[in-house]
Every structure is written in structure tokens, then in C-alpha cells.
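A look at the structure
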Amino acid sequence: MADRSFLAWPFFEDRHRALVPALDAWAARSLAGLPHDDVDAACRALVRRLGADGWLQHAAGGRFDVRTLCLIRETLARHDGLADFAFAMQGLGTGSIALFGSDAQRARYLPPVARGEAIAAFAMSEPEGGSDVAALRTTARRDGDGYVLDGTKTWISNGGIADHYVVFARTDDAPGARGLSAFVVDAASPGLSIAERIPVIAPHPLATLRFTRCTVPASALLGKQGDGFKIAMGTLDVFRATVGAAALGFARRALDEALARIHAREAFGQKLKDFQLTQAKIAEMATAIDAAALLVYRAAWAKDSGAPRVTREASMAKMQATETAQQVIDHAVQLWGGMGVVAGNRVEALYREIRALRIYEGTTEIQKLVIAAQVMQAWAEAKP
Ligand code: COS
């Protein structure tokens, strides 16, 4: 069983300590054997199950406890990457509404998503760039009582199965970051279509969306016109640490799989576990996991404790945990040898599943820019 000693760390409260075994038991009961050959159907089924049993309240209930979000993502990722994906996207696709929406927007969009009866999505990236948010090209033009959206969004998780998309578009109130606004766009809006579905190495619903004179009412605007960049960054500040938590879950599962393997496999007349080179790998994997976990739960705790901005902490957590998990999983594949690359083996699946986490919700390179900017700003402000 995966190490749970971290639950004794001071970042957590008793409700967090109770949640992990409860979710573990639920996942073992409810996720085993769920077919994944049709990812759309699997995702819909996962959303329904997670919603029916109350877990999505934590993602889309309107208030965030980031430690809870992280513990849920870590635990689900340890069991089933698609279950983690389904949970996380219900949160990311409603996070901007929960944080910046009006009472009416919150009342309309959050409850069905929290019950698992509607599917949410976050549409920011574009073909010409996902990293440079201030350069987005999709436009939203004021037209009578509403707005008309034109442009293309890509790499949109839940694209094709979502009931609504939180869309970032240029309203041109000002150049760059200050000229963006955020909208909640219903999937059935006239002029919104799915241009293509994107198959990826760890399958999940992913699509390119096209907006062609897509008309939305003025009530679709989140916050004020021109708030889009801050809404996007504020939402990512909450969810970036949770990407690190999902990576942690993958890494913990890889360590478990590696431990099982080295206790079972014999070579040169002894068990793999008895070789010092194996022990060195296990030590590196376990230490890397704890170091990443400390950063993830530090970021989550800081946010929950009322820090107004956790940009630096969240970026550090996301970068370190995703990069670490990639290495830990690579070690696990190595310890499994040839079996580690056989399709269907758990470590083979983890090897594919971890890769995108170093890219989405801000690449490792973007996290470095964010961290450096925060560190330099703090230094400049502290200078006598
Ligand atoms: N919270 C609140 N405000 C923030 C913020 C945050 N986390 N980050 C930036 N801002 C504010 C800044 O303070 C600045 O405000 P003022 O204009 O009032 O000074 C404004 O937003 C612009 O910030 P900045 O100048 O840092 O913007 P840049 O265009 O240089 O972009 C990066 C910054 C690269 C950090 C941003 O574009 C980013 O995070 N990109 C990655 C996005 C991403 O995750 N893409 C993946 C898509 S989701 S799958």
C-alpha cells in the first residue's frame, strides 16, 4: 500500500487525514474494472460516479480547500489517471466561475457540475500559443445585448463532451494582458463547433474548438470586461498545485509497483531488492517523492491559510512534482525491465500518463519564468 506517513505532516487537519483512507476504499470499490476503451463514455461514467458519491462537491462546490483538492487528485491518480482527470476538469472548468462569477452564474453552473450531471471545461490555449496568455487572438466583440466570439481554442480538455466552456477572449479594452475577458459559453451556443478531436498518448477527451460568430448574452461575461488575465492567473494559482498532486499520485503508484517487482523478481541468484543498485534507486525515488510532496502541500496549505497570492509556491510545486514524477516513473520502468514497456503494464501506462503534466497548465519553462519573476520582485521590494 502507498506510503501515508505524510498525512502526519502539520499541513493537514483531521478531516484531511480521514479523507484519504475513505477515498482509497471508494476508489478500490468503484474504479476497478471500469472500461476505458471509449474515453468519452469512461469520462462521463467517472463524472457521474464521482458526483453521485459526493466527491465533486470538493471540486465544484463553490469553495476550495486546496489541500483537499490535492489529496483527492493524488489518491485518484494513484488508482486511475482518467478518474483524476475527470475530477480535476470539473474543478478547473468551474474554478473561474466559483472565484470570480456572480451569484447567478455560480447558482446556474456549479451545482450540476458538482452533482456530476454536467461536464465543465476551461478554454484558454490557442494554436498560436498557450504559454503567452496575453497574446491570445480569439476575439469577443460587443454586439447589442451580448458578445460575438470568433477564433480557435485548442488542447481543450473535455472538448467535445463538456456542457460549458470558460473561454478567454480579447475584448481589446487595452493591449496585451489587460485586453482579455472571460466568458462562460454553453456548448450548445450557435457558432461554437468542435473542429477536431485530438488523440494523445494517454487518451482523454481533448479537442480543438472553433468559434464562428458565436453569440453569447452579456450575462456570460465573468467579472468585468478586461479582467480575463487576472481571472485566468487566479484560477491557475489554485489548480497548479493540484497538478503537482496528481503527479505525486502517479509517482507513488510507480514506487509501489517498483517495490512489488523488486521483491518478486530474481536475477543472478538473488532478489532484485538485494542489489545495492536497486536500493539506490528506491532511495532516490522515495526522497524525490517526499521533496515534491512537501512543496505541493506547502502551496496548498499557504492558499488555505489565506495567502492572497501563492503564485510562487504553486509554480514551484507544479514544476518540482511533475519533473520528479517523470524521473520516478522512469526508474520504475527500468526496474520492471522489458515488462515495463509492455502495453497494458501499469508502469507503461504511468510512463505515458505523466508526460503531459509537464506541459499543461503552464510548462516547466513557464513555471521557471514565474518563479524567477516572483523571487526577483521580492528581492527588489526587500532592498533597503
Ligand atoms: N494572480 C493575479 N494577478 C496576476 C498573476 C497571478 N497569478 N500573474 C500575473 N498577474 C497580473 C500581474 O500582476 C500584472 O498586473 P498589472 O498589469 O496590474 O501589473 C498582469 O497580471 C500581467 O502580468 P505579467 O506582466 O506577469 O504577464 P505576462 O504577459 O508577462 O505573462 C505568464 C505572464 C507567462 C506568467 C503567463 O502568461 C502564464 O502564466 N502563462 C502560462 C499560461 C498557462 O498556464 N497556459 C496553459 C493553459 S491552461 S492548460
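Below: a short report on this structure. All of these numbers come straight from a predicted model, not from anything done at the bench.

Some words on the overall build of the chain
Along the chain, the regular secondary structure elements total eleven helices and ten strands. Relative to the globule expectation of 21 Å for 384 residues, the C-alpha radius of gyration of the chain, 21 Å, shows essentially globular dimensions. With the C-alpha coordinates of the chain rotated into their principal frame, the extents come out at 80 × 60 × 40 Å. Residue burial in the chain is summarised as follows: out of 384 residues, 54% are buried. Element-wise, carbon and sulfur atoms account for 56% of the exposed surface of the chain, whose accessible area totals about 16700 Å². For the chain, the distance from the average position of its 44 positive side-chain charges to the average position of its 42 negative side-chain charges is 2 Å.

Considering the pattern of salt bridges
Close approach of charged atoms allows side chains with opposite charge to pair. This model, assessed by the stated rule, comprises 22 salt bridges. A salt bridge links Asp14 to Arg17; the nearest nitrogen and oxygen atoms lie 3.2 Å apart. Taken together, the residues Asp14 and Arg17, both in helix H1 (residues 14–30) and three residues apart, mark about one turn of the helix. Assessed through its relative accessible area of 27%, Arg17 is described here as partly exposed. Arg78 is the salt-bridge partner of Asp24, the closest N and O atoms lying 3.2 Å from each other. Of the two residues, Asp24 is situated in helix H1 and Arg78 in helix H4 (residues 66–79); the sequence distance between them amounts to 54 residues. Arg78 carries the same exposure label as Asp24, and that label is buried.

Structural notes on unusual backbone geometry
Most of the time, phi is negative for any residue but glycine, and the peptide bond is trans. The phi torsion at Asn158 lies on the positive side, around 70 degrees, for a residue other than glycine. Relative to the helices and strands, Asn158 is located in the loop between strand E3 (146–157) and strand E4 (164–170). The backbone phi angle of Phe268 is positive, close to 50 degrees, even though this residue is not glycine. Structurally, Phe268 can be placed in the loop between strand E9 (266–267) and strand E10 (270–271).

Remarks on the layout of surface pockets
Considered as a void within the structure, the second largest pocket measures approximately 180 Å³ in volume. Lining the second largest pocket, in full, are Leu272, Phe275, Leu277, Thr278, Ala280, Lys281, Gln334 and Leu335. Elements that contribute at least two residues to the lining of the second largest pocket include exactly helix H8 (276–304) and helix H9 (311–336). No other element matches the four residues that H8 contributes to the lining of the second largest pocket.

Focus on the environment of Ala22
Following the sequence through the fold, Ala22 ends up in helix H1. When the C-alpha atoms of Ala22 and Ala77 are compared, they prove to be 15 Å apart, with 55 residues separating the residues in sequence.

Here's the deal with the site of the ligand
Around the ligand, the surrounding shell holds 20 residues, and the nearest of these are Gly130, Ser131, Arg178, Arg240 and Gly362. In this structure, a nitrogen atom belonging to the ligand sits 2.7 Å away from a main-chain N or O atom of Ser131. Its free accessible area being 1000 Å², the ligand has 68% of it covered by the protein chains. Sorting the residues of the shell around the ligand by element identifies helix H7 (228–264) and helix H11 (364–382) as the ones contributing at least two each. Examining the composition of the shell around the ligand, we find that six residues originate from one element, H7, more than from any other.

Here we look at the nonpolar core
Core analysis: the largest hydrophobic core is formed by 112 residues, its most contacted members being Leu76, Leu149, Tyr165, Phe168, Phe183, Val185 and Tyr297. For this core, the element with the most residues is H7, which contributes 17 residues. When near neighbours in sequence (up to four residues on either side) are disregarded, Val185 contacts Leu149, His164, Tyr165, Val167, Leu192, Phe211, Cys214 and Val216. Core analysis: the next-biggest nonpolar cluster, separate from the first, contains five residues, Ala60, Val113, Ala114 and Ala120 among them.

Some remarks on H11
Taking 1.5 Å per residue, 19 residues should reach 27 Å; H11 reaches 27 Å between its end C-alpha atoms and fits that length. The set of residues buried in H11 consists of Thr364, Ile366, Gln367, Val370, Ile371 and Gln374. Angular distribution of buried residues about the axis of H11 spans 160 degrees; they occupy a single face of the element. Seen from the open side of H11, the exposed residues pointing more than 90 degrees away from its buried face are Glu365, Leu369, Met376 and Trp379. Buried residues in H11 make contact with H7 and H9.

What counts, and at which threshold
Residues numbered from 1 in each chain as written. Predicted model: local features only at pLDDT ≥ 70, side-chain atom pairs only at ≥ 80, totals over all residues. Heavy atoms only, no water. Helix = DSSP H or I, 4+ residues; strand = E, 2+ residues; numbered from the N terminus. Rg over C-alpha atoms; globule rule 2.2 N^0.38 Å. Buried < 20%, exposed > 50% of the residue type's maximum accessible area, 1.4 Å probe, protein only. Areas by Shrake-Rupley, 256 points an atom, 1.4 Å probe, with all protein chains shown as cover. Lys, Arg positive; Asp, Glu negative; His and termini not counted. Charge placed at Lys NZ, Arg CZ, Asp CG, Glu CD. Salt bridge = Lys/Arg side-chain N within 4 Å of Asp/Glu carboxyl O. 1 Å grid on protein atoms, 1.4 Å probe; cavity = no way out; pocket = protein on both sides within 12 Å on 5 of 7 lines; lining within 4 Å. Points joined across faces, edges and corners; volume = space filled by probe spheres on them. Near = heavy atom within 4 Å. Polar contact = N/O pair within 3.5 Å; in protein donor to acceptor, adjacent residues only side chain to side chain. Core = buried A, V, L, I, M, F, W, Y, C linked by side-chain atoms within 4.5 Å. Contact = heavy atoms within 4.5 Å. Expected span 1.5 Å × (residues − 1). Arc of directions from axis to C-beta.

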